Amino acid sequence: MSEKSPKLRAELDGIPTYKPGKPAAAGGPVAYKLSSNENPYPPLSGVLETAVAAAGNFNRYPDMACTGLVNELAERFGVPVEHIATGTGSVGVAQSLIQSTAGPGDEVMYAWRSFEAYPIITQISGATSVRVPLTDGDVHDLDAMAAAITDRTRLIFVCNPNNPTGTAVRRAELERFLDQVPSDVLVVLDEAYREFVRDADVPDGIELYRNRPNVAVLRTFSKAYGLAGLRVGFAVAHEPVAAALRKTAVPFGVSQLAQDAAVASLRAEDELMGRVGALVSERTRVHEALVAQGWTVPDTQANFVWMRLGERTGAFAEACEKAGVVVRPFAGEGLRVTIGETEANDLFLHAAAAFFKEL
Ligand SMILES: Cc1ncc(COP(=O)(O)O)c(C=O)c1O
């Protein structure tokens, strides 16, 4: 028997493993998970019943084309059905976008810090990451990104609002940026948190995509819609990009349960958006309270807040955990805190007030 292990692609060496938000500790006093930008509400009752009904058929493969969901989305956004491609969460679609555009020798650009899956899925493809630092205000530096485009650039992510900072780029600056990007470079507007945006100057990517064939928009059912565990997201993109996404998607990746629950969620939207509105009110309350405590917190258009704490990040994360809330630290940089249940937000604010006094 050979001693050699199977040959793996060298590109995989050193890929950081995706760190999911820490779960709330079992058996602790009270423990709330504010570490994964999830929706704290349970599924809407109609959605749960639909999913349970679909579960009765899971001896069958799902509809690979996600026909019902794609039709519903196409009608809702006023786009051709051919322009919608689904996947196992929007991260699955993001991976297909890279696989469709970039390989060894090519460049994938994104702001940093941004969504931590970007470096991972870029490295898996063999392409090179080009990270452009956020501005001092933790916003995308679109001028620097435009200046960093080379003839090897294949795909540029603009995460709007940005994870983990919550900051968003406005219409005029984004349009100016898009005007500078060569038409053969794909710009992906990752709008995982779109439903939480309240600033009217933050553009809806689907409006920007319409007359720009090199713009694709990523959306998900994981955040506002509360279906994170079912794994369904989608892109809106022109041909031939959307067609490439259908080629590179994992076959049958989106379960029937996820497809049916997503359709039911779209149909229960008034109620869902009421919940999103409540989370946005909580976001305002948390943001204002932190500022009143003395913290500097950037404006957020997402369902989380960002606190740049540098070396104190770990200590504050520990203090939060002791107070009963699990948050998301990025060592040496800062901390992202999801807006959750009112009780959870109160526990967090309490911990923040106490920590600030000790600074
Ligand atoms: C900016 C951004 N994009 C995409 C995703 C992926 O979400 P999902 O794969 O659940 O749709 C996330 C999740 O945290 C995110 O923050």
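What counts, and at which threshold
Residues numbered from 1 in each chain as written. Predicted model: local features only at pLDDT ≥ 70, side-chain atom pairs only at ≥ 80, totals over all residues. Heavy atoms only, no water. Helix = DSSP H or I, 4+ residues; strand = E, 2+ residues; numbered from the N terminus. Pairing = 2+ DSSP bridges. Axes fitted to C-alpha atoms, helices over the stretch in contact; angles between N-to-C directions. Contact = heavy atoms within 4.5 Å. UniProt positions renumbered as here; feature names shortened; annotations may be inferred. Buried < 20%, exposed > 50% of the residue type's maximum accessible area, 1.4 Å probe, protein only. Salt bridge = Lys/Arg side-chain N within 4 Å of Asp/Glu carboxyl O. Phe/Tyr/Trp six-rings, centres within 6.5 Å; stacked < 30°, edge-to-face > 60°.

What follows covers the environment of P251. Counting through the fold element by element, P251 comes out in the loop between helix 8 (241-248) and helix 9 (256-267). When the C-alpha positions of P251 and A102 are compared, they lie 20 Å apart, and in sequence the two are 149 residues distant.

All right, on to the sheet that holds strand 11 (residues 328-330) then. Strand order in the open sheet formed by three strands is 9-12-11, with antiparallel pairing between adjacent strands. A single partner strand is all that each edge strand has here, and the edge strands are strand 9 (304-308) and strand 11. Neighbour to neighbour, the strand axes of the sheet diverge by 20° on average, direction disregarded. Relative to strand 12 (residues 334-338), strand 11 runs antiparallel, the two being bridged by three bridges. In the sheet register, R328 faces strand 12, and the bridge partner there is R336. The strands touched by helix 11 (residues 313-323) within the sheet are strand 9, strand 11 and strand 12, with strand 12 carrying the most contacts at an inclination of about 30°.

Within this numbering scheme, the UniProt entry marks K223 as carrying the feature "modified residue: N6-(pyridoxal phosphate)lysine" (unreviewed entry). Locating K223 in the fold gives a position in the loop between strand 7 (215-220) and strand 8 (233-237). Taking the relative accessible area as the measure of exposure, K223 reaches 15% and is therefore buried. When residues no more than four places from it in sequence are discounted, the contact partners of K223 are S36, N37, N39, A192, Y193 and F196.

Going through the model one piece at a time under the given rule, you end up with 19 salt bridges. With a shortest N-O distance of 2.9 Å, E333 and R113 are connected by a salt bridge. Here E333, found in the loop between strand 11 and strand 12, pairs with R113, found in the loop between strand 3 (107-112) and helix 4 (117-125); they are 220 residues apart in sequence, far enough to count as distant. Residue class for E333 comes out partly exposed when judged on its relative accessible area of 22%. Note on R113: relative accessible area 14%, which makes it buried. Linking R308 and D138 is a salt bridge whose minimum nitrogen-to-oxygen distance equals 2.6 Å. With a gap of 170 residues between them, R308 in strand 9 and D138 in the loop between strand 4 (128-133) and helix 5 (142-147) connect regions that are remote in the sequence. The network of salt bridges with common partners includes R170, D199 and D299.

Moving on to the packing of aromatic side chains. The relative placement of two aromatic rings is captured by the distance of their centres and the angle of their planes. If you walk through the whole model with that rule in mind, you get 14 aromatic pairs. With a centroid separation of 5.0 Å and an interplanar angle of 80°, the aromatic rings of Y193 and F304 are classed as edge-to-face. In this pair, Y193 is assigned in the loop between strand 6 (186-190) and helix 7 (205-209) and F304 in strand 9, connecting sequence segments 111 residues apart. The class for F304 is buried, based on a relative accessible area of 0%. Aromatic pair W295 and F316: ring centres 5.6 Å apart, planes at 25°, arrangement stacked.

Our focus in this paragraph is the environment of P62. Relative to the assigned elements, P62 resides in the loop between helix 1 (45-55) and helix 2 (67-77). Here P62 falls in the buried class, since its relative accessible area comes to 13%. Considered as a pair, P62 and V286 are 224 residues apart in the sequence and their alpha carbons are 41 Å apart. If we skip the residues at most four places from it in the chain, P62 touches F252, V254, S255, Q256 and Q259.

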